[in-house]
Amino acid sequence: MASDNGSEGTSNTLSTAATVRTDSPTLGASVVMISTDDLDRQIETLRKCELITEQEVKTLCAKAREILVQEGNVQVIDSPVTICGDIHGQFYDLVELFRVGGPVPDTNYLFLGDFVDRGFYSVETFLLLLALKVRYPDRMMLIRGNHESRQITQVYGFYDECQRKYGSAAVWRCCTEVFDFLSLSAVICGKVFCVHGGLSPSIQTLDQIRTIDRKQEVPHDGPMCDLLWSDPEDSVGWGMSPRGAGYLFGSDVSFCETNGVEMITRAHQLVMEGYKYHFGETVLTVWSAPNYCYRCGNVAAILELDEQLNKEFTIFEAAPQENRGAPAKKPQPDYFLMSSGRFIDHPKAEKRTELYRMYLEEHGVLEALTKALAKLNVMEERPANPMEFVVKELGGAVPGAITAPALEKAYDRAMKELDKLRKEHEELKKEYEVGRK
Amino acid sequence: RRPNHRFALRMEAEAALSEPVMARRRSSSVNDDYSVQKTNDDASQSKLAAVKMGYWKDEFLARFVSMSTDDGQLVHRDPEISLGYWARVTVIRQYVDAFLERAGPGAQIISIGCGFDTLFWRLKSEGKTFARFVEVDFSSVTSRKLRVIRRAAAALGGLFREDAQENQHTDLHAGDYHLVGADLRQWAELKSKLEAAAVDWTAPTLVIAECVLIYMATSQSEELLSHFTQAFGNVALLSYEQTNVDDDFGRVMAANLEKRGLKLPGIGACESIDKQRKRLTAAGFTHGTVEDMHTVFEKRLSAEERKKVLRIECLDELELLRQLNEHYSISFAVRAPLYYNFGQETL
């Protein structure tokens, strides 16, 4: 598979010092060194869905930028190649994808973007793809999706995940800088145009794409935004996109004729059946995140193009539950009004404690105790017998309980009653005496 | 007293059981009620997350729900979830407003499985009046709600028509607001609690069931609804719950929830809009509509409001919202004869 970058990772140390033009503002004239051993070790770690260190991330990202900066806005790719759509942090399904599509570097891959967000393992997913890119730069091609953006990743989970897993935003910042360097599109054997979203009313030719300055955050509008946001629609001409960015393009858009390509392959839209043709077979959507959001129940697809550009689709489902890693790692997919279910994941002891706490709370025990102790705390002069005080307070909290004041009251009443009876008795006695006389 | 006693027994029983036995028992007993009660937390937090983002106004919800999760993060939901909750809250409000207008000041609303819903306060703060608003849920939920109301006496209690009278830490009566703890599957218990709330069996009554019926067996929900149509002279039902679940989405949902220990015993009635209609007619309702929330979202709610909420966060995949909405429905059913006519079609 030919590409603009001619080096292969065969030597012990991957360095492109001789050929690299480091135009990247952050690197200046320096060259980043990672040994293949280190890289292989990092890949092994990531393959197990484990994290590499923050420092390793920084070095990996710097190296990736060196490689990506040499790629054009329209990457030239040879067949055979396997094209993959959105992954969205579904790490175990990416593993499944490699299982059905073949391992890198035996299979050449082109990923159409949206590596992060929504899934629970965006970090491990993106870093694995990046590490594979650095290790096998000619076998692994990555182009940018609309989720490879600072703004979007703060809404859809990648930013939060980086915070959670690394304790700071440093890794997120590194990764978003890499996003800026990702190519925008690719052409396979001059025949298949590949982009994440779709077409732009401001772009008629591939050359126009090449003139875009892509090394920036995805803009809110304009050609670079459109390439990552647009959708095909069953109509004619250009329409407003309900997504709020990009456009809808119809069957009559003449991009293919103008540029001598036979097909546009893109991703960006959930397809329940994994892949879907539009406008006959001019436009193809490939979607590679099975059971998207762990909720949609869809299948995924990858498209294998052989040397002659013959097409073969492979459909695959979400990786089975047993292969999806420890339950402690993941939160649950959302529905409307469903259990948070967190209690289920707690070990037995914690759950018993939680039930016990609830039981106490429901019966007002915790509240009564807290009140009594708080009262004692703020008293200017505390009683000599605090235990007696607390018991008295608690006694008052239970209606109908036998307490000292209650007993006192009862005693008073009894004494009054006794008095009354005594008086009555005296009167009756007198009457009787009188009657007897 | 009975619910408390039962709970204490459960506690003892749980403590005595060994782990493998506990795991086997999970499917049938105490854990189901517990996890159902916990769904209130999830919905409340989802609603609060949406309110905080500006999807709709609710100045009362924050009193009942915390904005942070257990691990100290701020609660946030994906945009399609917030949009779905917006549609749900808005359509329910639409029906309630229409009902109140027709039924007049003698109107009566019974919200079953109310959780930490704030509808009463939202209505009162906007100047709406009605004879009474009765909220019903498990006593473990009502006792928590009650404590919040007690603590926020001015903000919440201030909107009651009368001073609040509490009963056994689970019930509260305040003239036009009543909160009672009851198991909806036990009609005798529920009836006695409704009587304690001074319910008028002849007044025009709206029963609201927001994601409630699916948590009991279909036979039990049919029974409950039948009791309502028989006991009340003028009754309408507003029910929001799942629908069209006999597909991959529904199967994945059932599997996901089962992993959390949450069963949906009433899912059989949610197979299709048609089946939901059948349950309503079996329970004694004669007229009404059952619509999926995608239709509601696209056609029944204010287009202006819809545009506004879609702009709050840009939803990256509209298909996700459509898929969710297509699997939820809103039913409004009435039992004729009624002296107010909603012009509903026959069920």
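As recorded by an unreviewed UniProt entry, chain B carries the name [phosphatase 2A protein]-leucine-carboxy methyltransferase and is attributed to Pristionchus fissidentatus. Under Function (unreviewed entry), UniProt gives the following word-for-word description of chain B: "Methylates the carboxyl group of the C-terminal leucine residue of protein phosphatase 2A catalytic subunits to form alpha-leucine ester residues." UniProt lists a comment for chain B under the heading Catalytic activity (unreviewed entry), and it reads "[phosphatase 2A protein]-C-terminal L-leucine + S-adenosyl-L-methionine = [phosphatase 2A protein]-C-terminal L-leucine methyl ester + S-adenosyl-L-homocysteine".

An unreviewed UniProt entry lists chain A under the name Serine/threonine-protein phosphatase, with Pristionchus fissidentatus as the source organism. Of chain A, the UniProt comment under Sequence similarities (unreviewed entry) reads exactly: "Belongs to the PPP phosphatase family." Looking at chain A in UniProt, the text filed under Cofactor (unreviewed entry) is "Mn(2+)".

1. Some words on the packing of aromatic side chains
Under the counting rule described, the total for this entry stands at 36 aromatic pairs over all chains. Summarising the aromatic geometry, the rings of A:F193 and A:F255 are spaced 4.9 Å apart at their centres and angled 45° between planes, so their arrangement reads as tilted. Pair noted here: A:F193 is in strand β8 (residues 192–195) and A:F255 is in helix α10 (residues 255–259), with a separation of 62 residues, a long-range link. For A:F255, a relative accessible area of 4% gives the class buried. Over the ring of B:F64 we find B:K145; its NZ or CZ atom is 5.6 Å from the centre of that ring.

2. Comments concerning the environment of A:Y247
Tracing the backbone through its elements, the reader meets A:Y247 in strand β11 (residues 247–249). Excluding residues within four positions of it along the chain, A:Y247 makes contact with A:P201, A:D226, A:S230, A:D231, A:W238, A:G239 and A:S241.

3. Section: the sheet that holds strand β15 (residues 300–305) of chain A
Strands pair in a sheet through their backbones, by hydrogen bonds, and they do so in one of two ways: parallel or antiparallel. Residues and elements named next belong to chain A. The strand order β6-β5-β4-β15-β16 describes an open sheet built from five strands, whose pairing is mixed. Two strands close off the open sheet at either side, each with one partner strand: β6 (140–142) and β16 (311–316). Pairs of neighbouring strands in the sheet enclose a mean axial angle of 20°, with direction left out of account. Bridge analysis of strand β4 (residues 81–84) against strand β5 (residues 109–111) gives three bridges, and the strand direction is parallel. Across the sheet, the residue bridging to I83 is L110, located in β5. Of the strands in this sheet, β4, β5, β6, β15 and β16 are in contact with helix α3 (residues 91–101), which crosses β5 at around 150°. Across the face of the sheet, helix α4 (residues 122–135) comes into contact with β5 and β6 while running at roughly 125° to β6.

4. Considering the UniProt feature "domain: Serine/threonine specific protein phosphatases" (unreviewed entry) in chain A
Per the UniProt record, the feature "domain: Serine/threonine specific protein phosphatases" (unreviewed entry) sits at residues 143–148 of chain A. Each end of residues 143–148 of chain A is marked by a C-alpha atom, and these two atoms are 10 Å apart; helix forms 0% of the span and strand 0%.

5. Description of the sheet that holds strand β9 (residues 231–232) of chain A
All names here are of chain A. Read from one edge of the open sheet, three strands run β9-β11-β10, paired in mixed fashion. Lying at the two open borders of the sheet, with one neighbouring strand each, are β9 and β10 (238–240). Two elements, β9 and β11, share two bridges in a ladder whose sense is parallel. Pairing of P232 across the sheet is with F249, part of β11.

6. A few points about the packing of α4(A) against helix α7 (residues 170–181) of chain A
All names here are of chain A. The N-to-C vectors of α4 and α7 enclose an angle of 50°; their axes lie 12 Å apart at closest approach. With respect to their mutual orientation, α4 and α7 come out oblique. The handedness of the crossing between α4 and α7 is left-handed. For the pair α4 and α7, the contacting residues are F126, L127 and L130 in the first and C175, V178 and F179 in the second.

7. Overview of empty space enclosed by the protein
All names here are of chain B. What the rule picks out here adds up to six cavities of 30 Å³ or more. Considering only enclosed or pocket space, the largest cavity measures out at about 70 Å³ in volume. Looking at the largest cavity, the residues that line it are K47, V89, I92, S111, D117, L119, R122, I208 and E210. Every element with two or more residues in the lining of the largest cavity is listed here: α5 (79–103), α6 (119–125) and β6 (204–210). Of the residues contributing to the lining of the largest cavity, the split by class is four nonpolar, one polar and four charged.

8. Details of the side chain of A:N259
All names here are of chain A. Structurally, the position occupied by N259 is in helix α10. Polar side-chain contacts of N259 include one of 2.9 Å to the backbone oxygen of Q204. Within the structure, the side chain of N259 is placed 2.9 Å from the backbone nitrogen of L206, a separation counted as a polar contact. The contacts of N259, once residues within four sequence positions are left out, are Q204, T205 and L206.

9. Here we look at the pattern of salt bridges
Residue and element names in this part refer to chain B. Counted under the stated rule, the structure contains 46 salt bridges over all chains. Note that R144 is salt-bridged to D41, the shortest N-O span being 3.0 Å. With a gap of 103 residues between them, R144 in helix α7 (residues 139–151) and D41 in helix α3 (residues 30–53) connect regions that are remote in the sequence. Given the relative accessible area of 25%, R144 is considered partly exposed. Overlapping salt bridges bring together K47, D58, R88, D117, R122 and E210 as one network.

10. Notes on unusual backbone geometry
In this model, A:S79 is joined to A:P80 through a cis peptide bond whose omega is 0°. Here A:P80 is to be found in the loop between β3 (74–77) and β4. The omega torsion across A:V104 and A:P105 is 5°, close enough to zero to call that bond cis. On the secondary structure map, A:P105 appears in the loop between α3 and β5. Its identity is not glycine, yet A:F279 carries a phi of approximately 50°, on the positive side. Tracing the chain through its elements places A:F279 in the loop between β13 (275–278) and β14 (283–286). One non-glycine residue, B:H169, lies in the positive phi region at around 65°.

Cut-offs applied
All residue numbers here refer to positions counted from 1 along the written sequence of the relevant chain. Key to labels: chains lettered from A, ligands numbered from 1, both in the order written. With pLDDT at 70 or above as the cut-off, local features in this predicted model cover only qualifying residues; side-chain atom pairs require 80 or more to be listed or tallied, and sums for whole chains, interfaces and linings still use all residues. For the side-chain quantities, the full set of heavy atoms in the structure was used; hydrogens and water were omitted. UniProt positions are given in the numbering used here, feature names are shortened, and annotations may be inferred rather than shown by experiment. Geometry of aromatic contacts follows a simple scheme: Phe, Tyr and Trp rings, the Trp one being its six-membered ring, pair when their centres are within 6.5 Å, and the pair is stacked under 30 degrees between planes, edge-to-face over 60, tilted otherwise. Put simply, DSSP H or I for four residues or longer makes a helix, DSSP E for two residues or longer makes a strand, and each gets a number counted from the N terminus. Think of it in three bands: with a 1.4 Å probe and only protein chains considered, a residue is buried below 20% of the maximum accessible area for its type, exposed above 50%, and partly exposed in between. Should the NZ of a Lys or the CZ of an Arg lie within 6 Å of a ring centre and within 35 degrees of the ring normal, that charge is described as sitting over the ring. Contacts: residue pairs with any heavy atoms within 4.5 Å of one another. Strand pairing follows a simple DSSP-based rule, namely that at least 2 bridges must link the two strands. A fitted line through C-alpha atoms represents every axis, and for helices the fit uses only the stretch in contact; the resulting angles, taken between N-to-C directions, go from 0 to 180 degrees. Any angle that is under 35 degrees is reported as roughly parallel, and any over 145 degrees as roughly antiparallel; angles of 65 to 115 degrees are reported as roughly perpendicular and all others as oblique. Rotating anticlockwise by less than a right angle from the far helix to the near helix defines a left-handed crossing, while the corresponding clockwise rotation defines a right-handed one. Using only the protein atoms, space was sampled on a 1 Å grid; points where a 1.4 Å probe fits but cannot get out form cavities, open sets with protein on both sides within 12 Å along at least five of seven lines form pockets, and lining residues are those with an atom within 4 Å of a point. Grid points are joined across faces, edges and corners, and a volume is the space filled by probe spheres set on the points. Residues are sorted three ways: Asp, Glu, Lys and Arg are charged, Ala, Val, Leu, Ile, Met, Phe, Trp, Tyr, Cys and Pro are nonpolar, and all the rest, Gly among them, are polar. Polar contact criterion, stated in full: a pair of N or O atoms within 3.5 Å, where within protein one must be able to donate a hydrogen and the other to accept it, and residues adjacent in sequence count only if both atoms are side-chain atoms. Note on definitions: salt bridges are taken to be side-chain nitrogens of Lys or Arg within 4 Å of carboxyl oxygens of Asp or Glu.

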